[in-house]
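So the chains spell out like this:
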Number of protein chains: 2
Amino acid sequence: MTRTVFEKTDVVPLIAEVFRELGYEGASMSKITARTGLSKGSLYYFFPGGKEEMAAEILAHVDAWFVSKVFEPLEQHDPQQAISEMWQEVETYFNSGKRICLVGAFALDETRDRFDAVICQYFKRWIDALCAALVRAGTTRETAAIVSEEAVGGIQGGLILARALKDDLIFGRTVAGLAERVSKCIPGGTH
Amino acid sequence: MTRTVFEKTDVVPLIAEVFRELGYEGASMSKITARTGLSKGSLYYFFPGGKEEMAAEILAHVDAWFVSKVFEPLEQHDPQQAISEMWQEVETYFNSGKRICLVGAFALDETRDRFDAVICQYFKRWIDALCAALVRAGTTRETAAIVSEEAVGGIQGGLILARALKDDLIFGRTVAGLAERVSKCIPGGTH
DNA sequence: GTCTATAGAGTGATAGAC
DNA sequence: GTCTATCACTCTATAGAC
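Here the structure is a predicted model, which is why all the values come from computation and not from measurement.

**With respect to the protein's contact with DNA strand D**
All names here are of chain A.
1) Next: Close to DNA strand D lie 11 residues, the nearest being Ser28, Met29, Ser30, Lys40 and Lys51.
2) Next: Within 4 Å of the protein, the contacting atoms of DNA strand D are 68% sugar and phosphate, with bases supplying the remainder.
3) Next: Residue Lys40 places a side-chain N or O atom 2.3 Å away from a base nitrogen belonging to DNA strand D.
4) Next: Tyr44 has a polar side-chain atom sitting 3.2 Å from a phosphate oxygen of DNA strand D.
5) Next: For the surface near DNA strand D, the elements supplying multiple residues, two or more each, are helix H2 (29-36), helix H3 (40-46) and helix H4 (50-76).
6) Next: Residues belonging to the surface near DNA strand D are distributed by class as follows: four nonpolar, three polar and four charged.

Structure representation (structure tokens):
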């Protein structure tokens, strides 16, 4: 019998892609075993709580990525640089719109109710972090709050359009448009 | 014994809400029978093709609604009035963000591949119709194309944020913001 | 031998099709 | 309601590292 040894840190991103592509309900255990190469035994060894625990860990993993790559820089670093890096990270992470936002997808159906705290926190922190960065860059609190919502929402909308239209360029246009509008509300911003 | 007689036209909107709330995979036949009051027999009488035929008819029904209430007015009526009515219809239809876009939700997971022609057509026609209305109102073709994408995408993003944050006001703010930006690119528009 | 990780047959429940 | 396939999940067996 061959024995492949997995580590949990390697397993989480694999399962994440299955949930991302098939959704919570569509990601059956058999699909997960087929696409990850892990047996049911291994999956339940890593995640005794089953499918719900897998999804919870995956959401936490996605959230942690955004915290370190996007939210914390926006909250702590130079605001203009952090915002500019945010657009870059977003374009790369979502692979020009070919990869969707797992948190956004989970928000749309009853899956939201299973994970509502994480889902709500993710978007709230993103909007608040961007807003705080804009305020530090000199934007008024009112404008910053409105623009931050528009930017985070706009990214989600761009991902839906990219998948719906099977258009590899639309997400880039969306991000570029949002970046321009955000930078225009920074006094002395590059535009 | 009581006997409730259903007509297919009454059944489609009922099933539509189940798909909208639970997603394609989450909307099991038992959930559909439970929430519509229809027996499995009735469902297969109305939809011999099963679940896939139900979803296809529901998508067609949603699309037809948008064609008559949004796309055709944008394509044919007074552009400024049609655009202003679009925002009104969108706010009402999505119930201030408490109701999501079925087409957008289907676009996110592998459900898209089952219905990709309808899903693509829906968003393409919406963007094109809005773009054409803006051009008729005097906007340059280039600006109109960009703004139309931003508006249709922005609506989808607003719906995701509304559900994720459980915020009844954010969708209204999103629509108001988009409406303002759209009207600003019309020469002599009301702003 | 112990311990950790893996395999996969087998469980009852429920899916969608008819 | 009845069908078969598949669901999430359990359990036993065991491979390999120590």
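Moving on, there is more to tell.
**Details of the protein's contact with DNA strand C**
1) Next: Every one of the 19 residues lining DNA strand C counts as a neighbour, but Phe6, Lys40 and Tyr45 of chain A together with Met29 and Tyr44 of chain B are closest to it.
2) Next: Here a base oxygen of DNA strand C sits 2.6 Å away from a polar atom, N or O, in the side chain of Lys40 of chain A.
3) Next: Between DNA strand C and Lys40 of chain B there is a distance of 3.5 Å, counted from a base nitrogen to a side-chain nitrogen or oxygen.
4) Next: A per-element tally of the surface near DNA strand C places H3 of chain A first, with five residues.
5) Next: Of the residues contributing to the surface near DNA strand C, the split by class is eight nonpolar, seven polar and four charged.

**Thoughts on the interface of chain A and chain B**
1) Next: Between chain A and chain B, the residue contacts involve 36 residues of the former and 36 residues of the latter.
2) Next: Interface area for chain A against chain B, summed over the two sides, is near 3200 Å², with a carbon-plus-sulfur share of 64%.
3) Next: Of all residues in chain A, the largest losses of buried area upon contact with chain B belong to Leu108, Ile160 and Arg163 of chain A, amounting jointly to 21% of the total for that side.
4) Next: Glu149 of chain A is paired through a salt bridge with Arg173 of chain B; the nearest N and O atoms lie 2.5 Å apart.
5) Next: Contributions of two or more residues to the side of chain A that touches chain B are made by helix H1 (8-26), helix H6 (102-108), helix H8 (116-136), helix H9 (141-165) and helix H10 (170-184) of chain A.
6) Next: With 11 residues, H9 of chain A is the largest single contributor of residues to the side of chain A that touches chain B.
7) Next: Across the side of chain A that touches chain B, the residue classes break down as 15 nonpolar, seven polar and 14 charged.

**Digging into the packing of H9 of chain A against H10 of chain A**
All names here are of chain A.
1) Next: Orientation of H9 relative to H10, taken along the N-to-C sense of each, is 170 degrees, at an axis distance of 8 Å. One finds that H9 runs roughly antiparallel with respect to H10. Contact residues: H9 offers Val147, Glu150, Ala151, Gly154, Ile155, Gly158, Leu159, Leu161, Ala162 and Leu165, while H10 offers Ile170, Phe171, Thr174, Leu178, Arg181 and Val182.
2) Next: Here the contact of H9 with H10 is composed, by residue class, of 11 nonpolar, three polar and two charged.

**Topic: H1 of chain A**
1) Next: Helix length check: H1 of chain A, at 19 residues, gives a terminal C-alpha distance of 22 Å against a target of 27 Å (1.5 Å per residue), a shortfall beyond 12%.
2) Next: Among all positions of H1 of chain A, only Val11, Val12, Ile15, Ala16, Val18, Phe19, Arg20, Leu22, Gly23, Tyr24 and Gly26 of chain A are buried.

**Overview of empty space enclosed by the protein**
1) Next: Tallying each qualifying case throughout the model produces two cavities of 30 Å³ or more.
2) Next: Around the largest cavity, the lining is made up of 21 residues, and of these Gly23, Ala105 and Asp109 of chain A together with Ala105 and Asp109 of chain B lie nearest the centre.
3) Next: Mapped onto the lining of the largest cavity, the elements with two or more residues apiece are H1 and H6 of chain A together with helix H1 (8-26) and helix H6 (102-108) of chain B.
4) Next: A breakdown of the residues in the lining of the largest cavity according to their chemical character gives 11 nonpolar, five polar and five charged.
5) Next: If you trace the second largest cavity, you find it lined by Ile100, Cys101, Ala105, Gln156, Leu159 and Ile160 of chain A together with Leu108 and Ile160 of chain B.
6) Next: It is H9 of chain A that provides the largest number of residues to the lining of the second largest cavity, a total of three residues.

**Describing the packing of aromatic side chains**
1) Next: Scanning all chains against the criterion turns up 40 aromatic pairs over all chains.
2) Next: Between Tyr122 of chain A and Trp126 of chain A, the aromatic rings sit 5.8 Å apart at their centres with planes inclined by 80 degrees, giving edge-to-face as the arrangement. With Tyr122 of chain A and Trp126 of chain A both in helix H8 and four residues apart, the pair spans about one turn of that helix.
3) Next: For Tyr122 of chain A, a relative accessible area of 1% translates into the label buried.
4) Next: On the basis of relative accessibility, which here comes to 0%, the residue Trp126 of chain A falls in the buried class.
5) Next: Judged by centre distance (6.4 Å) and plane angle (65 degrees), the ring pair of Phe46 of chain B and Phe47 of chain B falls under edge-to-face.
6) Next: Relative accessible area serves as the criterion here: at 14%, Phe46 of chain B is assigned to the buried category.
7) Next: By the ring-pair criterion, three or more aromatic residues cluster together here, those being Trp65, Phe66, Phe71, Tyr93, Phe94, Tyr122, Phe123, Trp126 and Phe171 of chain A.
8) Next: Above the face of the Tyr93 of chain B ring, Arg99 of chain B is positioned so that its terminal group lies 4.4 Å from the ring centre.

Calculation rules
- Residues numbered from 1 in each chain as written.
- Chains lettered and ligands numbered in written order.
- Predicted model: local features only at pLDDT ≥ 70, side-chain atom pairs only at ≥ 80, totals over all residues.
- Heavy atoms only, no water.
- Near = heavy atom within 4 Å.
- Polar contact = N/O pair within 3.5 Å; in protein donor to acceptor, adjacent residues only side chain to side chain.
- Helix = DSSP H or I, 4+ residues; strand = E, 2+ residues; numbered from the N terminus.
- Nonpolar A, V, L, I, M, F, W, Y, C, P; charged D, E, K, R; others polar.
- Contact = heavy atoms within 4.5 Å.
- Buried area = accessible area lost by both parts, 1.4 Å probe.
- Salt bridge = Lys/Arg side-chain N within 4 Å of Asp/Glu carboxyl O.
- Axes fitted to C-alpha atoms, helices over the stretch in contact; angles between N-to-C directions.
- Parallel < 35°, antiparallel > 145°, perpendicular 65-115°, else oblique.
- Expected span 1.5 Å × (residues − 1).
- Buried < 20%, exposed > 50% of the residue type's maximum accessible area, 1.4 Å probe, protein only.
- 1 Å grid on protein atoms, 1.4 Å probe; cavity = no way out; pocket = protein on both sides within 12 Å on 5 of 7 lines; lining within 4 Å.
- Points joined across faces, edges and corners; volume = space filled by probe spheres on them.
- Phe/Tyr/Trp six-rings, centres within 6.5 Å; stacked < 30°, edge-to-face > 60°.
- Lys NZ or Arg CZ within 6 Å of the ring centre and 35° of its normal.

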